[in-house]
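If you want the building blocks of each chain, they are given just below.
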Amino acid sequence: MIYFCPTPIGNLGDITLRTIEILKSVDIIFAEDKRVTVKLLNHYDIKAELRTYHKFNESEMSAKIIENIADRDIALVTDAGMPGISDPGAILVRKLIEEKIGFRVLPGANAALTALVLSGLDTDHFTFYGFTSNKSSARKKEFESLKDLKFTLIFYEAPHRIKDFLQDVYEVFGERKISISREITKVFEETIRSTTSKVIDEDITEKGEFVICLEGNNEEKNYNIRKLLEEELKKGVKKSQAVKEISKKYNIPKNDVYKESLDL
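Residues numbered from 1 in each chain as written. Predicted model: local features only at pLDDT ≥ 70, side-chain atom pairs only at ≥ 80, totals over all residues. Heavy atoms only, no water.

**Digging into the layout of surface pockets**
The calculated volume of the largest pocket comes to roughly 800 Å³. Along the walls of the largest pocket sit 33 residues, with Ile-9, Asp-79, Ala-80, Gly-81 and Glu-209 positioned nearest its centre. Going through the elements one at a time, helix 2 (34-43), strand 8 (177-182) and strand 10 (210-214) are the ones with two or more residues in the lining of the largest pocket. Ranked by residue count, the leading element in the lining of the largest pocket is helix 2, at four residues. Its residues assigned to classes, the lining of the largest pocket comprises 16 nonpolar, eight polar and nine charged. (1 Å grid on protein atoms, 1.4 Å probe; cavity = no way out; pocket = protein on both sides within 12 Å on 5 of 7 lines; lining within 4 Å. Points joined across faces, edges and corners; volume = space filled by probe spheres on them. Helix = DSSP H or I, 4+ residues; strand = E, 2+ residues; numbered from the N terminus. Nonpolar A, V, L, I, M, F, W, Y, C, P; charged D, E, K, R; others polar.)

What follows is the structure, encoded as structure tokens:
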């Protein structure tokens, strides 16, 4: 059996009893960085064999793991948090499913959800996006595709890009509530709750991994549905298809668009 085991995102105490039991019972632990994982294993007196599995050898190691899984119990961990979420592991999951090989995913520490609760923003509906492009132009295009969503948006960002990231957020999303958390569960944990216009002037310590939670779009937009339909029909789009596309693109109830189309 192979187990995907989440590890603490800072404080070594944030690991479940079940995860400790599994790590002590398996034959091999595949880790993103052995130098990081060995600290956790030493802390809990875990003696399993340690091998590397990271984003640069994911495909190769996934094949080897599948070849040798028959008579061994294996655990996969990353440096912090849940394997497969903005960390190595997703490729192995897909290969295991393709080969119809059983596996288990254990619950545990997660930076995104912890930061979301810390933010005070809407938790009923949210979208986890993770890391964006490290180039401003590409990042802005990603933001453009997200700016009409009404859900809280959750991003990850590296410390050396946080200032540029926040500047792009303000330029694309405009004025919204925002929360920035760093060093979650660690000694210097910090959360800044502000607005997109004010936060770019904050004295932000550029250390540790950042989780950014951004308020969703709460503007009520009054679209001219008839005009949108006419534009699509001029392009040669069938009326039924135009109704579907406009409803999806502008987040307008399909029935409203359909009623307007009856008059055309």
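**Description of the side chain of Glu-58**
Looking at where Glu-58 falls in the secondary structure, it is placed in helix 3 (residues 58-67). Arg-94 provides the closest opposite charge to the buried, unpaired Glu-58, separated from it by 6.5 Å. Leave out the neighbours within four places in its chain, and Glu-58 touches Tyr-53, Pro-88, Gly-89, Ala-90 and Ile-91. (Buried < 20%, exposed > 50% of the residue type's maximum accessible area, 1.4 Å probe, protein only. Lys, Arg positive; Asp, Glu negative; His and termini not counted. Salt bridge = Lys/Arg side-chain N within 4 Å of Asp/Glu carboxyl O. Contact = heavy atoms within 4.5 Å.)

**Description of unusual backbone geometry**
The phi torsion at Glu-183 lies on the positive side, around 55°, for a residue other than glycine. Position of Glu-183 relative to the elements: it lies in the loop between strand 8 and strand 9 (190-195). By relative accessible area, which is 17% here, Glu-183 ends up buried. Phi at Thr-185 takes a positive value of approximately 75°, unusual for a residue other than glycine. Considering the arrangement of structural elements, one finds Thr-185 in the loop between strand 8 and strand 9.

**Observations concerning empty space enclosed by the protein**
Under the definition given, this model contains one cavity of 30 Å³ or more. As a volume, the largest cavity reaches approximately 30 Å³. Ile-180, Ser-181, Arg-182, Glu-190, Thr-191, Ile-192, Ile-204, Thr-205 and Phe-210 together form the lining of the largest cavity. For the lining of the largest cavity, the secondary-structure elements that each account for two or more residues are strand 8 and strand 9. Taken together, the residues that form the lining of the largest cavity break down as four nonpolar, three polar and two charged.

**Some details on the pattern of salt bridges**
Under the definition given, this model contains 13 salt bridges. Residue Lys-64 pairs with Glu-60 through a salt bridge whose shortest N-O separation is 3.3 Å. Of this pair, Lys-64 and Glu-60 both sit in helix 3, four residues apart, which is roughly one turn of that helix. Note that Glu-183 and Lys-186 form a salt bridge whose closest N and O atoms lie 3.6 Å from each other.

**A closer look at the environment of Thr-132**
Checked against the element boundaries, Thr-132 lands in the loop between strand 6 (126-131) and helix 6 (136-146). The exposure class assigned to Thr-132 is buried, which follows from its relative accessible area of 8%. C-alpha of Thr-132 to C-alpha of Glu-157: the two residues are 25 residues apart in sequence and 7.6 Å apart in space. Residues contacting Thr-132, with those up to four places away along its chain left out, are Arg-139, Glu-142, Phe-143, Phe-155, Tyr-156, Glu-157 and Phe-165.

**Details of helix 9 (residues 225-234)**
Because the α-helix completes a turn every 3.6 residues, residues three or four places apart line up on one side. Within helix 9, the full set of buried residues consists of Ile-225, Leu-228, Leu-229 and Glu-232. The arc that holds the buried residues of helix 9, viewed along the axis, is 100°, so those residues lie on one side. The inward-facing, buried residues of helix 9 contact helix 10 (239-250) and helix 11 (254-261). Just downstream of helix 9 lies Gly-236, where phi reads positive at about 95°. (Arc of directions from axis to C-beta.)

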